[in-house]
Amino acid sequence: KTKKAVQDACKELHYVPNISARSLSGYRSNSIAVIIPDISDPNYASMCAAIERCAADCNFHILLIDTLYDPDFELVAITRMLSHKVDGFLIASCSLQAQEQHASVLKDTPCIYIGENHNSLCSYVESDNKGAYGAAQYLYHLGHRRIAFIGGTYGTRTFDLRINGYRRFMQDNKLSCYEIIPRQKMCNLSNWYTEEITHLLTD
């Protein structure tokens, strides 16, 4: 009877629980901090939408922060979210160097890293990047033999996995590799790509 009376009063008064106050009392906040480097990136946008739907199904909500690839702000964002008593983190760090600074701040707070920028000591989810091998294989089955790898950024884990998959397929099938990859940052990168691809097509 007491429980029903309280529920009826809550309904009549349009009572909304104060989650922050509950977390201060030792309750879970039912919130997850999601920290990403660029929400305008379609990959991160679709990922965040999926995370939010899944969190809602589990009666959680997310607090999203876009760091704009700023490692200093990334660390500030983590500290800020800890002050909100979040139950855990999902972090797509902007760099491996930035990620290595997180441990001293996160301590025992549950955290899963998304993507490539993490060390081997943390929990993470990333693509296995077998697609490059599969893409080359698909083109091969269509009858193509001069298959080029275009694009990428040297020094990233994703790039290494993708180009290694491409090279492995080409070597497995005794085909020559054709790689169009900028070795340094360029102002007119699109023009450079166009010239390199045109040269390859006319070679």
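The structure presented is a predicted model; accordingly, all values stated were derived computationally and were not measured. (Residues numbered from 1 in each chain as written. Predicted model: local features only at pLDDT ≥ 70, side-chain atom pairs only at ≥ 80, totals over all residues. Heavy atoms only, no water.)

Caption draft 1: Just the packing of helix 7 (residues 131–141) against helix 8 (residues 157–172), in detail. Two elements in contact, helix 7 and helix 8, have axes whose closest approach is 7 Å; the angle formed by their N-to-C orientations is 40°. The angle between helix 7 and helix 8 falls in the class oblique. In this structure, helix 7 meets helix 8 at a crossing whose hand is right-handed. Residue-level inspection shows Ala132, Tyr133, Ala136, Gln137 and Tyr140 of helix 7 in contact with helix 8, the latter providing Arg162, Gly165, Tyr166, Arg168, Phe169 and Asp172. In terms of residue class, the contact of helix 7 with helix 8 is built from six nonpolar, two polar and three charged. (Axes fitted to C-alpha atoms, helices over the stretch in contact; angles between N-to-C directions. Helix = DSSP H or I, 4+ residues; strand = E, 2+ residues; numbered from the N terminus. Parallel < 35°, antiparallel > 145°, perpendicular 65-115°, else oblique. Left-handed = near helix turned anticlockwise from the far one by under 90°. Contact = heavy atoms within 4.5 Å. Nonpolar A, V, L, I, M, F, W, Y, C, P; charged D, E, K, R; others polar.)

Caption draft 2: Structural view of the nonpolar core. If you look at the biggest cluster of nonpolar residues, it comprises 13 residues, and the most contacted ones within it are Ile35, Phe89, Ile91 and Leu106. If you list the elements that add at least two residues to this core, you get strand 1 (31–36), helix 4 (71–83), strand 3 (88–91) and strand 4 (111–114). Tallying contributions element by element places helix 4 first for this core, with three residues. When residues no more than four places from it in sequence are discounted, the contact partners of Phe89 are Ile32, Ala33, Ile35, Ile78, Met81, Leu82, Leu106, Thr109, Pro110, Cys111 and Ile112. (Core = buried A, V, L, I, M, F, W, Y, C linked by side-chain atoms within 4.5 Å. Buried < 20%, exposed > 50% of the residue type's maximum accessible area, 1.4 Å probe, protein only.)

Caption draft 3: Geometry of the pattern of salt bridges. As enumerated under the stated definition, the model contains two salt bridges in all. Lys4 is paired through a salt bridge with Asp8; the nearest N and O atoms lie 2.9 Å apart. Taken together, the residues span about one helical turn, with Lys4 and Asp8 both in helix 1 (residues 2–13) at a distance of four residues. Taking the relative accessible area as the measure of exposure, Lys4 reaches 53% and is therefore exposed. Close ionic contact of Glu179 with Arg167 constitutes a salt bridge, the shortest N to O distance being 2.7 Å. Of this pair, Glu179 sits in strand 7 (residues 178–180) while Arg167 sits in helix 8, and the two are 12 residues apart along the sequence. When its relative accessible area of 28% is taken as the criterion, Arg167 is described as partly exposed. (Salt bridge = Lys/Arg side-chain N within 4 Å of Asp/Glu carboxyl O.)

Caption draft 4: Structural detail: the pairing of strand 2 (residues 61–66). Sheet topology places strand 1 next to strand 2; six bridges connect them, and they run parallel. Bridging from a neighbouring strand, Ile36 pairs with Asp66 of strand 2. (Pairing = 2+ DSSP bridges.)

Caption draft 5: A look at the packing of aromatic side chains. The full count for this structure, using the stated rule, is four aromatic pairs. Judged by centre distance (5.6 Å) and plane angle (75°), the ring pair of Tyr140 and Phe169 falls under edge-to-face. Taken together, the residues Tyr140 in helix 7 and Phe169 in helix 8 connect sequence positions 29 residues apart. The exposure class assigned to Phe169 is buried, which follows from its relative accessible area of 2%. (Phe/Tyr/Trp six-rings, centres within 6.5 Å; stacked < 30°, edge-to-face > 60°.)

Caption draft 6: Geometry of a nonpolar patch on the surface. Among the surface-exposed residues, Tyr138, Leu139 and Leu142 lie close enough to one another that they form a single nonpolar patch of about 310 Å² accessible area. Mapped onto the elements, Leu142 comes out in the loop between helix 7 and strand 6 (148–150). (Patch = residues over 30% accessible without salt bridge, like charges linked within 9 Å, V, L, I, M, F, W, Y side chains within 5 Å. Areas by Shrake-Rupley, 256 points an atom, 1.4 Å probe, with all protein chains shown as cover.)

Caption draft 7: Molecular detail of the environment of Ile181. Checked against the element boundaries, Ile181 lands in the loop between strand 7 and helix 9 (189–202). For the pair formed by Ile181 and Tyr69, sequence separation is 112 residues and the distance between their alpha carbons is 23 Å.

Caption draft 8: Just unusual backbone geometry, in detail. Positive phi, close to 55°, is recorded for Asn30, a residue that is not glycine. Even without a glycine there, the phi angle at Tyr69 is positive, about 60°. Tracing the sequence through the fold places Tyr69 in the loop between strand 2 and helix 4. A relative accessible area of 45% means that Tyr69 is categorised as partly exposed.

Caption draft 9: How the structure looks around the sheet that holds strand 5 (residues 124–125). On the basis of which strands lie adjacent, the open sheet formed by five strands has the order 2-1-3-4-5 and parallel pairing. Two strands lie at the open edges of the sheet, namely strand 2 and strand 5, each paired on one side alone. Across four bridges, the pairing between strand 1 and strand 3 is parallel. Bridge pairing in strand 3 links Ala33 to Phe89. Sitting on the sheet, helix 3 (residues 42–57) touches strand 1, strand 2, strand 3 and strand 4, and the angle it makes with strand 2 is about 160°. Strands strand 1, strand 2 and strand 3 of the sheet are contacted by helix 4, whose axis makes an angle of about 155° with strand 2.

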